[in-house]
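Here is what each chain is made of, one letter per residue.
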There are 2 protein chains.
Amino acid sequence: MSVTAARGFTAAGIAAGIKENGNPDLALVVNTGPRRAAAGVFTSNRVKAAPVLWSEQVVRGGAVTAVVLNSGGANACTGPRGFQDTHATAEKAAQVLGAEHSAGEIAVASTGLIGLLLPMDKLLPGVEKAAAELSEHGGEKAAIAIKTTDTVHKTAVAQGPGWTVGGMAKGAGMLAPGLATMLVVLTTDADVEAPALDKALREATRLTFDRIDSDGCMSTNDTVLLLASGASGIAPEHGEFADAVRAVCGDLARQLIGDAEGASKDIRIEVVNAASEDDAVEVGRSIARNNLLKCAIHGEDPNWGRVLSAIGTTSAAFEPDRLNVAINGVWVCRNGSVGEDRDLVDMRFREVAITADLAAGTESAVIWANDLTADYVHENSAYSS
Amino acid sequence: MSVTAARGFTAAGIAAGIKENGNPDLALVVNTGPRRAAAGVFTSNRVKAAPVLWSEQVVRGGAVTAVVLNSGGANACTGPRGFQDTHATAEKAAQVLGAEHSAGEIAVASTGLIGLLLPMDKLLPGVEKAAAELSEHGGEKAAIAIKTTDTVHKTAVAQGPGWTVGGMAKGAGMLAPGLATMLVVLTTDADVEAPALDKALREATRLTFDRIDSDGCMSTNDTVLLLASGASGIAPEHGEFADAVRAVCGDLARQLIGDAEGASKDIRIEVVNAASEDDAVEVGRSIARNNLLKCAIHGEDPNWGRVLSAIGTTSAAFEPDRLNVAINGVWVCRNGSVGEDRDLVDMRFREVAITADLAAGTESAVIWANDLTADYVHENSAYSS
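Residues numbered from 1 in each chain as written. Chains lettered and ligands numbered in written order. Predicted model: local features only at pLDDT ≥ 70, side-chain atom pairs only at ≥ 80, totals over all residues. Heavy atoms only, no water.

1. Some remarks on the overall build of chain A
Step number 1: Counting its regular elements, chain A contains 10 helices and 16 strands.
Step number 2: Its C-alpha radius of gyration of 21 Å places chain A within 12% of the 21 Å reference for a compact globule of 385 residues.
Step number 3: Viewed in the frame of its principal axes, chain A has a C-alpha envelope of about 70 × 50 × 35 Å.
Step number 4: For chain A, buried positions account for 62% of its 385 residues.
Step number 5: Expressed as a percentage of contacts within chain A between residues at least 6 apart in sequence, the contacts between residues at least 24 apart total 79%.
Step number 6: For chain A, the exposed surface amounts to about 12900 Å²; the carbon and sulfur share of it is 48%.
Step number 7: Between the averaged position of the 32 positive side-chain charges in chain A and that of its 48 negative side-chain charges there is a distance of 3 Å. (Helix = DSSP H or I, 4+ residues; strand = E, 2+ residues; numbered from the N terminus. Rg over C-alpha atoms; globule rule 2.2 N^0.38 Å. Buried < 20%, exposed > 50% of the residue type's maximum accessible area, 1.4 Å probe, protein only. Contact = heavy atoms within 4.5 Å. Areas by Shrake-Rupley, 256 points an atom, 1.4 Å probe, with all protein chains shown as cover. Lys, Arg positive; Asp, Glu negative; His and termini not counted. Charge placed at Lys NZ, Arg CZ, Asp CG, Glu CD.)

2. Quick word on the environment of A:Ala200
Residue and element names in this part refer to chain A.
Step number 1: Positionally, Ala 200 belongs in helix H5 (residues 194–207).
Step number 2: Taking the C-alpha atoms as reference points, Ala 200 and Phe 241, 41 residues apart in sequence, are found 7.5 Å from one another.
Step number 3: Discounting chain neighbours no more than four positions away, the residues touching Ala 200 are His 238, Phe 241, Ala 242 and Val 245.

3. So, the environment of A:Gln57
Residues and elements named next belong to chain A.
Step number 1: Looking at the element boundaries, Gln 57 is found in helix H1 (residues 50–60).
Step number 2: Given the relative accessible area of 51%, Gln 57 is considered exposed.
Step number 3: Distance in space between the C-alpha atoms of Gln 57 and Ala 107 is 8.9 Å, their sequence separation being 50 residues.

4. Here we look at the relation of the copies chain B and chain A
Step number 1: Superposing chain B onto chain A takes a rotation of 180 degrees plus a shift of 0.0 Å along the axis, which leaves an RMSD of 0.1 Å. Here the copies are linked by what is in effect a two-fold axis. Across chain B, the smallest distance between a C-alpha and the rotation axis is recorded for B:Ala374, namely 2.2 Å.
Step number 2: Here 100% of the interface residues in chain B have copies in chain A that are interface residues too; the copies meet face to matching face. (Least-squares fit on C-alpha atoms with pLDDT ≥ 70 in both.)

5. A look at the packing of helix H10 (residues 374–382) of chain A against helix H8 (residues 291–298) of chain B
Step number 1: Following both chains from N to C, one finds H10(A) and H8(B) inclined at 70 degrees, their axes separated by 7 Å at the closest point. Between H10(A) and H8(B), the angle falls in the class roughly perpendicular. In this structure, H10(A) uses A:Tyr376, A:Val377, A:Asn380 and A:Ser381 to contact H8(B), whose residues at the interface are B:Asn291, B:Leu292, B:Cys295, B:Ala296 and B:His298. (Axes fitted to C-alpha atoms, helices over the stretch in contact; angles between N-to-C directions. Parallel < 35°, antiparallel > 145°, perpendicular 65-115°, else oblique.)

6. Some details on the UniProt feature "binding site: substrate" (unreviewed entry) in chain A
Step number 1: Those places that UniProt annotates as "binding site: substrate" (unreviewed entry) correspond, in this numbering, to A:Thr148, A:Lys170, A:Thr181, A:Glu261, A:Asn380 and A:Ser385.
Step number 2: Position of A:Glu261 among the secondary structure elements: in the loop between helix H6 (238–258) and strand S11 (266–274). (UniProt positions renumbered as here; feature names shortened; annotations may be inferred.)

7. Topic: the interface of chain B and chain A
Step number 1: Contacts between the two partners involve 51 residues from chain B and, on the opposite side, 51 residues from chain A.
Step number 2: Buried area between chain B and chain A, both sides added, is near 3900 Å², and the carbon and sulfur share of it is 57%.
Step number 3: Scanning the region where chain B abuts chain A turns up 13 residue pairs in polar contact (both at pLDDT 80 or more).
Step number 4: Only H8, helix H9 (304–311), strand S14 (337–338) and helix H10 (374–382) of chain B provide two or more residues apiece to the side of chain B that touches chain A. (Buried area = accessible area lost by both parts, 1.4 Å probe. Polar contact = N/O pair within 3.5 Å; in protein donor to acceptor, adjacent residues only side chain to side chain.)

8. Considerations on the packing of helix H7 (residues 277–288) of chain A against helix H9 (residues 304–311) of chain A
All names here are of chain A.
Step number 1: Across the interface, H7 lies against H9 with an axial gap of 8 Å and an inter-helix angle of 130 degrees. By the criterion of interaxial angle, the relationship of H7 to H9 is oblique. Judged by the sense of rotation from one axis to the other, the crossing of H7 with H9 is right-handed. Where H7 approaches H9, its residues Val 283, Ser 286 and Ile 287 are matched on the opposing element by Val 307, Ala 310 and Ile 311.
Step number 2: Taken together, the residues of the contact of H7 with H9 break down into five nonpolar, one polar and no charged. (Left-handed = near helix turned anticlockwise from the far one by under 90°. Nonpolar A, V, L, I, M, F, W, Y, C, P; charged D, E, K, R; others polar.)

9. A few points about the sheet that holds strand S7 (residues 163–170) of chain B
Residues and elements named next belong to chain B.
Step number 1: Strand order in the open sheet formed by five strands is S3-S10-S8-S7-S6, with mixed pairing between adjacent strands. Of all strands in the sheet, those bounded by a partner on one side alone are strand S3 (37–42) and strand S6 (154–160). Put simply, the sheet's adjacent strands are angled 10 degrees from each other on average, direction ignored.
Step number 2: Alignment of strand S8 (residues 183–188) against strand S10 (residues 223–228), held across six bridges, turns out to be parallel. Paired with Leu 186 across the bridge in S10 is Leu 226.
Step number 3: The strands touched by helix H1 (residues 50–60) within the sheet are S3 and S10, with S3 carrying the most contacts at an inclination of about 145 degrees. (Pairing = 2+ DSSP bridges.)

10. What about the domain arrangement of chain A?
Residues and elements named next belong to chain A.
Step number 1: Split into domains, chain A comes out as domain 1 (2–258) and domain 2 (266–382).
Step number 2: For domain 1 and domain 2, the distance between their C-alpha centres works out to 33 Å.
Step number 3: Surface buried jointly by domain 1 and domain 2 totals about 1300 Å² across both partners, of which 40% is contributed by carbon and sulfur atoms.
Step number 4: Summed over the shared surface of domain 1 and domain 2, the result is three salt bridges.
Step number 5: Between Arg 254 and Glu 351 there is a salt bridge, with the nearest N and O atoms lying 3.1 Å from each other.
Step number 6: Where domain 1 packs against domain 2, one counts six residue pairs in polar contact (both at pLDDT 80 or more).
Step number 7: Among the elements of the structure, H5, strand S9 (212–213) and H6 are those that each provide at least two residues to the side of domain 1 that touches domain 2.
Step number 8: The element best represented in the side of domain 1 that touches domain 2 is H6, accounting for three residues.
Step number 9: When its residues are assigned to classes, the side of domain 1 that touches domain 2 shows five nonpolar, four polar and six charged. (Domains from an automatic or database assignment. Salt bridge = Lys/Arg side-chain N within 4 Å of Asp/Glu carboxyl O.)

11. Observations regarding the side chain of B:Arg306
All names here are of chain B.
Step number 1: The topology assignment puts Arg 306 in helix H9.
Step number 2: Despite its burial, Arg 306 pairs with no opposite charge, the nearest such side chain being Asp 301 at 5.2 Å.
Step number 3: Polar side-chain contacts of Arg 306 include one of 2.8 Å to the backbone oxygen of Leu 292.

12. Looking at the sheet that holds strand S7 (residues 163–170) of chain A
All names here are of chain A.
Step number 1: Strand order across the open sheet formed by five strands is S3-S10-S8-S7-S6, with mixed pairing between neighbours. Of all strands in the sheet, those bounded by a partner on one side alone are strand S3 (37–42) and strand S6 (154–160). Strand-to-strand twist across the sheet, computed as the mean angle between neighbouring axes with direction ignored, equals 10 degrees.
Step number 2: Looking at chain direction, S6 and S7 are connected through seven bridges and run antiparallel. From the neighbouring strand, Val 157 faces S7, where its bridge partner is Gly 166.
Step number 3: On the sheet, H5 packs against S3, strand S8 (183–188) and strand S10 (223–228) and is oriented at approximately 30 degrees with respect to S3.
Step number 4: Contacts between H6 and the sheet are confined to S6, S7, S8 and S10, with S7 contributing the most and set at about 25 degrees to the helix.

In structure tokens, the structure reads:
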């Protein structure tokens, strides 16, 4: 599982002392080749953390030999000093990993509090310690070391004929399209060059990470990397490879929603019969971000009026008196008005399905969201991030 | 105070039995003239309640002789039957108010649960009962009868030389620009014709009700009406009159934020040095709607990183490394990075001031919002609306 499921990768996860509680907080993933191709997608937030600015540059070159990830500090809004710290982290990794590595091909990702400088006196020795513990079985430890408020670590894997795609993710709050607050590293031993990796990764993220919206908040640090070692010696057909990448991304995205801060429900919002896919996504996100609806779902109240109210704020094509809404399969709203008996809706389970039928075309989209709970408020009023 | 502060108006507020708990739930406001000019602004939600569709038509004629308002049911998403019920309400009011009134000049406003038909067997006799209790001192009772989850009724008044603008408002959740979930009736004895009323009302709402955003949710029923009786015989200069309308709207808007469901903080977000007023409003709303920031404010945590993260999601003109943020006067973020000591920020009081300096121009805007609390979650997971 995780980033060492595919051949040609080693990883480690250690406690460097960045987190005050002594939990693991530094991960290292190394591509041992023979190929070192890479692609990445990053937050669309215009306020970008130093490691995002750095890694965007690195990925542009199409080759990444290693990734250093830390939890316990986002290194965001930290000015020129923060960027120097990221640079120094890559330099340190290049130095300890040996002659095959140069700082310009080492990506860095950070997560945690915004607006604080990282404790470099702990982080740099941590990189050396992690390098010493690199192992072909280190994927699990790496996945654990990138957790912040995650209650569980998240890994996924998909197999092709003779090749593998694996990955790890962290993220529990500030989850929103474009992208969620998360760090994700995917690895594959398929023999794929950087442009094809980029294409597969963008296709996958558009339909997975970009369609989860736990709390409408967009992070400064989101990073998704896909590294290919070519160690299988197999160059799969693009569609087959892209399907595997998408499967792993979809699996990890679902795990992120399932572990979102304070959530008690995972809400699958499917918008159908839209005039365009963009319309379907716009309507899905509007429903996903409606705080009143999120509260109602938490209270197991099939409040379809709040769904209509959210649809009404969009610019999508629809007629109000043709809208239909189902909650867990019961069409509680028909033609913009009262439909089947809302008492028929069973909402006891964690997963809740909302279907919004725009009756305006043939396109559709699925957005995943969470409910809004007192626990979410508690966790995010007590935890600075 | 309220809608009977100005001469030429009578009002009543009674319990018609629409609310199961027996609280007042029906208000009637009558313009006794000599003039019957009116203007209105309505929700920009494309899913509009039956009374909104009806009253938009009525106001288009420029004359409104009476307004029937009910709490206890929104008559939204109720199909053709819901529209017939609104029509019947106006017809009933015309019948009991006498020869000077016709249904086509009687506005109707409703608030409460979405997706339920109103109990017309109670509402129509209630209109008759309210008509019998109309009084020049009835403004307070009318303001009480339109409450839903409001803990207090809201009224305001402004005086010009020889004329008055007064008003009442309800609204406690689903508060967002365009407009908040609210019903507002303003009255004046100034002698102003419908086009000038419309201009003054649009100017005022743009800067007041449209700039409060308690929870990002936009209602199906928002209605703001301004009625002029001309009973003072004075025709004020437009600027002076518009100022008074704006003062009353601003006062009521501030009261809505101060009584928002479950809120423990009122947040005044001022965006300064923006390249345009639109930029300032876009940034202000993005900050106002950031759930993580709203939680932090609830926890009295001056979490400026979440302010920057919200600014970064907008399309406004700014450079990330030139942004400055003050919380309660302390510039905790300077040039996109750490500024003054966050421990200097005192957040014990209900009102919290956030200043976001975009360093991109000379325009500004103020948006009011609330924090996000466990009480908000509780109230909105237990209460269907």
